[in-house]
Amino acid sequence: MVLGIVKYGNKALREKSSPVPVVNDSLRKLADDMLETMRAARGVGLAAEQVGRLERICVIDIPDGCEEPEDAMFNGPIKMPLKLFNPVIVAHEGSQYDKEGCLSFPKIGGAVTRAAQVTCQYVDEENRPQTITARGFLARAIQHEVDHLDGILYVDRFSAVERLAVAGKLKKLARENGGVR
Ligand code: NI
């Protein structure tokens, strides 16, 4: 089922998620609905806040060909799509700077500095603890989605210059969607 995606200005985007005690059928359904919603909107990641939910869940699906070849090789053992329950980034190294977008910010983009590599611990849909280490675009996506689960938005990480460039659009978007910045 495709869910509604909340936009910048909606208070849900500033909430901090709560870890789920156990992954049950209703949360598995939520993750599947989030994936369906993300794909319908042509995104590569979606966090529960973006569909107005406060469970600590995000989904990621990076299509083949989106990553640098060496990153794709490094990330090869990580099977898409990812459904991350209670994800936490436990290690990071290096840095990368590149353009980023977000389904809650239509027509607004900017470059963000992220770690080049991250290690993420989470629980999978069968309640098994997992640890993955990812680089490049996938590492960027994981950081973006885990930020959402902590109420942090990618525009918070824009440089002053980037923020100034989109200030008018951000203000308008926020005003149209509840006014919470
Ligand atoms: Ni986002």
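These numbers come from a predicted model, not from an experiment.

Chemist: What is the right way to look at the coordination of the nickel ion in this model?
Modeler: Ideal values differ by geometry: the angle at a metal is 109.5 degrees with four tetrahedral donors, but 90 or 180 degrees with six octahedral donors. Looking at the metal site, the nickel ion is ligated by C102 (SG), H144 (NE2) and H148 (NE2), spaced 2.0 to 2.2 Å from it. Motif for the nickel ion, donor spacing along one chain: C-x41-H-x3-H. Of the two residues, C102 is situated in the loop between β4 (96-100) and β5 (110-114) and H144 in helix α3 (residues 136-149); the sequence distance between them amounts to 42 residues. Taking the relative accessible area as the measure of exposure, C102 reaches 10% and is therefore buried.

Chemist: I'm lost on the pattern of salt bridges in this one. Help?
Modeler: Taken as a whole, this structure holds 15 salt bridges when the rule is applied. Measuring nitrogen to oxygen at the nearest pair gives 3.3 Å for the salt bridge that ties K83 to E125. You can see K83 sitting in strand β3 (residues 82-93) and its partner E125 sitting in the loop between β6 (117-123) and β7 (129-135), a full 42 residues away along the chain. Using a relative accessible area of 16% as the deciding quantity, one classes K83 as buried. Residue class for E125 comes out partly exposed when judged on its relative accessible area of 25%. Beyond isolated ion pairs, a larger network of salt bridges with shared partners links E100, R114, R140, D147 and R157.

Criteria and cut-off values
Residues numbered from 1 in each chain as written. Predicted model: local features only at pLDDT ≥ 70, side-chain atom pairs only at ≥ 80, totals over all residues. Heavy atoms only, no water. Donors = N, O, S within 2.8 Å, 3.2 Å for Na, K, Ca; no water. Helix = DSSP H or I, 4+ residues; strand = E, 2+ residues; numbered from the N terminus. Buried < 20%, exposed > 50% of the residue type's maximum accessible area, 1.4 Å probe, protein only. Salt bridge = Lys/Arg side-chain N within 4 Å of Asp/Glu carboxyl O.

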